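Examining the three-dimensional arrangement
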Amino acid sequence: MPNGSLSLPARLYLLAWDTTRNELTGTAHPHHLVRAGALAELAQRGLLVDDDGIATPADMDSRTGDAVLDGLLELVRESLPHRWRSWVPLHARVTLEAVREQLAAEGCLRVEKRRALGLFPTVEYALERVAVVDALGEEVRQVLDGPVRPAEVSDRDAAVVVLGVAAELRALVARKERGQHKERLAELAERSGAAGPAVRKVMAELCSALSAAAAPTGV
């Protein structure tokens, strides 16, 4: 599975895996991160547009061919209007589960069926292709650390980094180290909205929502 063929939400989900422990421990809110990635990709493709802060389908018929993205498009079309920030948590586990099912079908995850308390059937997932995730993590850290100039980074790669850092993905950078990358992150944020000012505004809104969800509570 070439990393470049993975959608934004799929890449962000895989980056949340700790490959040494085979656990999804890279972020406290994987469902928010995955939903933000799906929203970002739809905005970059021009299928969701910004209408005075509202995430709005560009039309009623377009499809991407990706089940995760098309499922979110359909959800937005059938729902009341919401701001981008509101869409990050709203029914976000639907998108998370769609990503898991997609990656399991492609052989990147392994489905493990168990019974909770010995009674209730549950489905859990384990990482099957550790090498793919390790390679993906290395690619993303290269985008964050250089040496490629931000202007030469694709908008999708830039979006993975800025959304991942906003969600405090452990695979990228610790909160206390974020200041060391401040200038680079600002340039990558600009690059993630290369399609135009409206997309840059959307990316800023999504990053803000992820940062707020990741912030410590009770402080």
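This is a predicted model, so every value here is computed, not measured.

**Let's talk about the packing of aromatic side chains**
Remark: the centre distance and the inter-plane angle together describe each pair of aromatic rings, the angle taken between the planes. Per the stated rule, a full pass over the model turns up one aromatic pair. Each ring, one from Y13 and one from W17, has its centre 6.2 Å from the other, and the planes form 80°; the classification is edge-to-face. Side by side, Y13 and W17 carry an identical accessibility label, which is buried.

**A closer look at the packing of helix α2 (residues 30–44) against helix α9 (residues 197–214)**
At a closest axis distance of 10 Å, the pairing of α2 and α9 adopts a crossing angle of 180°. Relative to α9, the element α2 lies roughly antiparallel. Facing α2, whose interface residues are H32, L33, A36, L39, A40, A43 and Q44, α9 presents V199, V202, M203, L206, L210 and A213. A breakdown of the residues in the contact of α2 with α9 according to their chemical character gives eleven nonpolar, two polar and no charged.

**Let's talk about the pattern of salt bridges**
In total, this model carries 14 salt bridges according to the counting rule given. Here K201 makes a salt bridge to D50, at a shortest N to O gap of 3.2 Å. Taken together, the residues span a long stretch of sequence, with K201 in helix α9 and D50 in strand β3 (residues 48–51) at a distance of 151 residues. Classification of K201 as partly exposed rests on a relative accessible area of 43%. Each of D59, R63, E74 and R77 takes part in salt bridges that share partners, so that together they form one network.

**Focus: the pairing of β3**
As judged from the four bridges shared by β3 and strand β4 (residues 54–57), these two strands associate in the antiparallel manner. Looking at the pairing, L48 lines up with P57 of β4. Hairpin connection, β3 to β4: the antiparallel pair is bridged by two residues, and D52 has positive phi, about 55°.

Procedures and definitions
Residues numbered from 1 in each chain as written. Predicted model: local features only at pLDDT ≥ 70, side-chain atom pairs only at ≥ 80, totals over all residues. Heavy atoms only, no water. Phe/Tyr/Trp six-rings, centres within 6.5 Å; stacked < 30°, edge-to-face > 60°. Buried < 20%, exposed > 50% of the residue type's maximum accessible area, 1.4 Å probe, protein only. Axes fitted to C-alpha atoms, helices over the stretch in contact; angles between N-to-C directions. Helix = DSSP H or I, 4+ residues; strand = E, 2+ residues; numbered from the N terminus. Parallel < 35°, antiparallel > 145°, perpendicular 65-115°, else oblique. Contact = heavy atoms within 4.5 Å. Nonpolar A, V, L, I, M, F, W, Y, C, P; charged D, E, K, R; others polar. Salt bridge = Lys/Arg side-chain N within 4 Å of Asp/Glu carboxyl O. Pairing = 2+ DSSP bridges.

Function cannot be inferred from these measures alone, as they are strictly geometric.
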